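Now for the letters of each chain:
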Amino acid sequence: MGTRQASMFEADRLEPQEGMDTVTRPRILVVGAGFAGVECVRRLERRLAPNEADLTLVTPFSYQLYLPLLPQVASGVLTPQSVALSLRRSEKYRTRIIPGGAIGVDLRSKICVVRTVNGETVNEPYDYIVLAPGSVTRTFDIPGLTDHAFGMKSLAEAAYLRDHVISQLDLADASHDPAERASRLQFVVVGGGYAGTETAACLQRLTHAAVKRYPRLDPGLIKWHLIDIAPKLMPELGERLGRSAQEILTRRGIEISLGVSIAKAGPEEVTFTDGRVVPTRTLIWTAGVVASPLIATLGAETVRGRLAVTANMCLPGHDGVFALGDAAAVPDEAKGDGAVCPPTAQHALRQGRHVAENVIATLRGLPMRPYVHQDLGLVVDLGGTDAVSKPLGVELHGLPAQAVARGYHWSALRTGVAKTRVMTNWLLNAVAGDDFVRTGFQAHKPGNLRDFDFSDVYLTPEQVRTHVAEAGRAAR
């Protein structure tokens, strides 16, 4: 480790110019390749000269995932490649990518502990760090939840879920047991926010279309349940649009239960908190998110798990530390009254650009500016021609809302290649429909929340300090 770190320090040094001592370029480390992290990196690349700073990005995947379109990947409307924007596609980018995940940060030593994809743990020094590790699925201590529920937070989960849902139709078609057939054709989605509502809507359309290709299956046996502990569906939409979305889903046969959650989950049935027992092999959990466990390793103040930062997105008391996106409680200056920005892509994109400008200002000795952004509205794609949208406060339904929703998502895609793929997929699906093809992802092993949750890899603040201290002694 000592030799590795020494070579890394040497690589950071510039060749000395005539009449000057050897100098070191500032090292800017960005953690996370979501909306916030990638936007920050790209802005830094465009605005900083190559000799002004060295840029490094820590991410376990070499792509940026467009999360809002995951339900359409799960339903087969879009291919996985359409929403995974490669970070290595262009040769003009100069940021060094470390393939791995940050598992701890020592603010005093300015060291980020990274576990690379090959299992090696390395210390990455920095002068400025931008923390944008995003969020993870929020779970509760519900018996059987992590063992039997499926998530919808990653590309792998979306692709896996599509395979699983189609496989339930195949297995139900092959079964001679009426009880087994009925349980395989019932699906439960927990979470009445955007992710859960769009997931239920898109997958219900998938099964509704697919069952027509299974002559032995009774379409009436297919039942979708959408439940949420909140009293309203997507309350952010407002009373009328929320009620409209609920009416659309109910009309399509989705049973919506509000004020209800899960009491227990098993391999073949789910028990609701109101006492109902639903036989099912498919429990999809989308009941909110929490900040990445990386934030807890800092030992800094948090607000409901999100790192407490200033309106400049700086961590108070620590020079050169910035945080944004889902993992940071960024004050919402547009709303005031102590509000913080919601964990949405809209804010993450703009925060990424803004924090890059503040990092540059710090480098150049200029004043930083607070982040201020007026919310542009909300869009909810319910599949087909069904949608509800509220752009700039204007309530829309049906085709106009669908046009706004897809137009917003399409314009937010970062590359022309991604835009072409998504538009082509939409057109092809509209004309030819779905092929209901299983790729075989779930042929041998279940892929539940526990399998896709890597929260056990993070260090405690004490472990971070011990690891950094031991590495320092080994280097000497």
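- Taking an unreviewed UniProt entry as the reference, the chain is identified by name as NADH dehydrogenase belonging to Streptomyces capillispiralis.
- Per UniProt, the chain carries the Sequence similarities (unreviewed entry) text "Belongs to the NADH dehydrogenase family."

Digging into the overall build of the chain
Item 1. Helix and strand content of the chain: 13 helices and 25 strands.
Item 2. Taking 2.2 N^0.38 as the reference for a compact globule, 476 residues should give roughly 23 Å; the C-alpha atoms of the chain span a radius of gyration of 24 Å, in line with that estimate.
Item 3. Once the C-alpha set of the chain is aligned to its principal axes, its extents read approximately 85 × 50 × 40 Å.
Item 4. Out of the 476 residues belonging to the chain, those deemed buried represent 50%.
Item 5. Summing over all exposed atoms, the chain offers an accessible surface of approximately 21900 Å²; the carbon and sulfur share of this is 54%.
Item 6. Side-chain charges in the chain split into 52 positive and 50 negative, and the spacing between the mean points of these groups amounts to 3 Å.

Things to note about the sheet that holds strand E16 (residues 277-279)
Sheet strands pair by backbone hydrogen bonding; their relative direction is either parallel or antiparallel.
Item 1. Read from one edge to the other, the open sheet built from 3 strands follows the order E14-E15-E16, with strand pairing classed as antiparallel. The open sheet terminates on both sides in strands that have one partner only, identified here as strand E14 (262-265) and E16. Adjacent strand axes in the sheet meet at a mean angle of 20 degrees, parallel and antiparallel pairs treated alike.
Item 2. Both E14 and strand E15 (residues 269-272) contribute to a ladder of 3 bridges, which runs antiparallel. Within the sheet, the bridge partner assigned to Ile262 lies in E15 and is Phe272.

A look at the domain arrangement of the chain
Item 1. Domain annotation for the chain reports domain 1 (27-138 + 290-375 + 454-475), domain 2 (140-287) and domain 3 (376-432).
Item 2. For domain 1 versus domain 2, the distance between C-alpha centres works out to 33 Å.
Item 3. Taken residue by residue, the interface counts 18 residues in domain 1 and 15 residues in domain 2.
Item 4. Of the roughly 1400 Å² buried between domain 1 and domain 2, counting both surfaces, carbon and sulfur atoms make up 67%.
Item 5. If you look at where domain 1 meets domain 2, you find 0 salt bridges.
Item 6. Linking domain 1 to domain 2 there are 4 residue pairs in polar contact (both at pLDDT 80 or more).

Concerning the sheet that holds strand E1 (residues 27-31)
Item 1. Read from one edge to the other, the open sheet built from 7 strands follows the order E7-E6-E5-E2-E1-E8-E21, with strand pairing classed as mixed. The open sheet has two edge strands with one neighbour each: strand E7 (121-125) and strand E21 (321-323). In this sheet, neighbouring strand axes are inclined to one another by 35 degrees on average, regardless of whether the strands run parallel or antiparallel.
Item 2. Across the sheet, helix H13 (residues 461-475) lies against strand E5 (96-106), strand E6 (111-116) and E7, angled at about 115 degrees from E5, the strand it touches most.

What about the UniProt feature "domain: FAD/NAD(P)-binding" (unreviewed entry) in the chain?
Item 1. Mapped onto this numbering, the UniProt entry gives "domain: FAD/NAD(P)-binding" (unreviewed entry) at residues 27-352.
Item 2. Helix makes up 27% of residues 27-352 and strand makes up 28%, while its end C-alpha atoms are separated by 18 Å.

Focus: the packing of aromatic side chains
Item 1. Evaluation of the coordinates by the stated rule reveals 5 aromatic pairs.
Item 2. Cation over ring: Arg42 sits above Tyr93, and NZ or CZ is 3.5 Å from the ring centre.
Item 3. Seen from the ring of Trp410, Lys419 lies directly overhead, with NZ or CZ sitting 5.1 Å from the centre.

Describing the packing of helix H5 (residues 155-174) against helix H7 (residues 194-210)
For any two helices packed against each other, one specifies the inter-axial angle together with the distance between the axes.
Item 1. Running from amino to carboxyl end, H5 crosses H7 at an angle of 35 degrees, the nearest separation of the two axes being 11 Å. Here H5 and H7 pass one another in a crossing that is right-handed. Only Leu203, Leu206, Thr207 and Ala210 of H7 make contact with H5, whose side of the interface consists of Leu161, Arg162, Val165, Ile166 and Leu169.
Item 2. Of the residues that constitute the contact of H5 with H7, the class distribution is 7 nonpolar, 1 polar and 1 charged.

Observations regarding the pattern of salt bridges
Item 1. Within the structure shown, the criterion is met by 20 salt bridges.
Item 2. Glu357 serves as the salt-bridge partner of Arg47, at 2.9 Å between the closest nitrogen and oxygen. Within this pair, whereas Arg47 is found in helix H2 (residues 35-47), its partner Glu357 is found in helix H9 (residues 345-363), the two being separated by 310 residues in sequence.
Item 3. Overall, the relative accessible area of 36% leaves Arg47 in the partly exposed class.
Item 4. For Glu357, a relative accessible area of 17% gives the class buried.
Item 5. Arg216 is the partner of Asp173 in a salt bridge, and the nearest nitrogen-oxygen pair spans 3.5 Å. Placement of Asp173 in helix H5 and of Arg216 in the loop between H7 and strand E12 (223-228) is noted, with a sequence separation of 43 residues between them.
Item 6. Residue Asp173 is classed as partly exposed on the basis of its relative accessible area, which comes to 21%.
Item 7. Among the charged side chains, a network of salt bridges with common partners joins Arg43, Arg47 and Glu357.

Let's talk about the nonpolar core
Item 1. Within the largest apolar cluster, 110 residues are counted, with the highest numbers of intra-cluster contacts made by Ile28, Leu44, Val105, Ile129 and Leu131.
Item 2. In terms of residue count, H5 provides more of this core than any other element does, 8 residues in total.
Item 3. The next biggest cluster of nonpolar side chains, apart from the first, holds 15 residues, and it includes Ile142, Ala149, Val260 and Ala265.

Section: the state of the cysteines
Item 1. Under the definition given, this model contains 0 disulfides.
Item 2. In this model Cys40 remains outside any disulfide bridge; the closest cysteine sulfur is found in Cys314, 12 Å from its own.

What to know about the packing of helix H10 (residues 398-412) against helix H11 (residues 416-432)
Item 1. Look at H10 against H11: their axes get within 9 Å of each other, and the N-to-C directions meet at 150 degrees. Classed by the angle they form, the pair H10 and H11 counts as roughly antiparallel. In this structure, H10 meets H11 at a crossing whose hand is right-handed. Across the interface between the two elements, Arg406, Trp410 and Ser411 of H10 pack against Lys419, Val422, Met423 and Trp426 of H11.
Item 2. Its residues placed into classes, the contact of H10 with H11 shows 4 nonpolar, 1 polar and 2 charged.

Conventions and cut-offs
- Residues numbered from 1 in each chain as written.
- Predicted model: local features only at pLDDT ≥ 70, side-chain atom pairs only at ≥ 80, totals over all residues.
- Heavy atoms only, no water.
- UniProt positions renumbered as here; feature names shortened; annotations may be inferred.
- Helix = DSSP H or I, 4+ residues; strand = E, 2+ residues; numbered from the N terminus.
- Rg over C-alpha atoms; globule rule 2.2 N^0.38 Å.
- Buried < 20%, exposed > 50% of the residue type's maximum accessible area, 1.4 Å probe, protein only.
- Areas by Shrake-Rupley, 256 points an atom, 1.4 Å probe, with all protein chains shown as cover.
- Lys, Arg positive; Asp, Glu negative; His and termini not counted.
- Charge placed at Lys NZ, Arg CZ, Asp CG, Glu CD.
- Pairing = 2+ DSSP bridges.
- Axes fitted to C-alpha atoms, helices over the stretch in contact; angles between N-to-C directions.
- Domains from an automatic or database assignment.
- Contact = heavy atoms within 4.5 Å.
- Buried area = accessible area lost by both parts, 1.4 Å probe.
- Salt bridge = Lys/Arg side-chain N within 4 Å of Asp/Glu carboxyl O.
- Polar contact = N/O pair within 3.5 Å; in protein donor to acceptor, adjacent residues only side chain to side chain.
- Phe/Tyr/Trp six-rings, centres within 6.5 Å; stacked < 30°, edge-to-face > 60°.
- Lys NZ or Arg CZ within 6 Å of the ring centre and 35° of its normal.
- Left-handed = near helix turned anticlockwise from the far one by under 90°.
- Nonpolar A, V, L, I, M, F, W, Y, C, P; charged D, E, K, R; others polar.
- Core = buried A, V, L, I, M, F, W, Y, C linked by side-chain atoms within 4.5 Å.
- Disulfide = S-S within 2.5 Å.
- Parallel < 35°, antiparallel > 145°, perpendicular 65-115°, else oblique.

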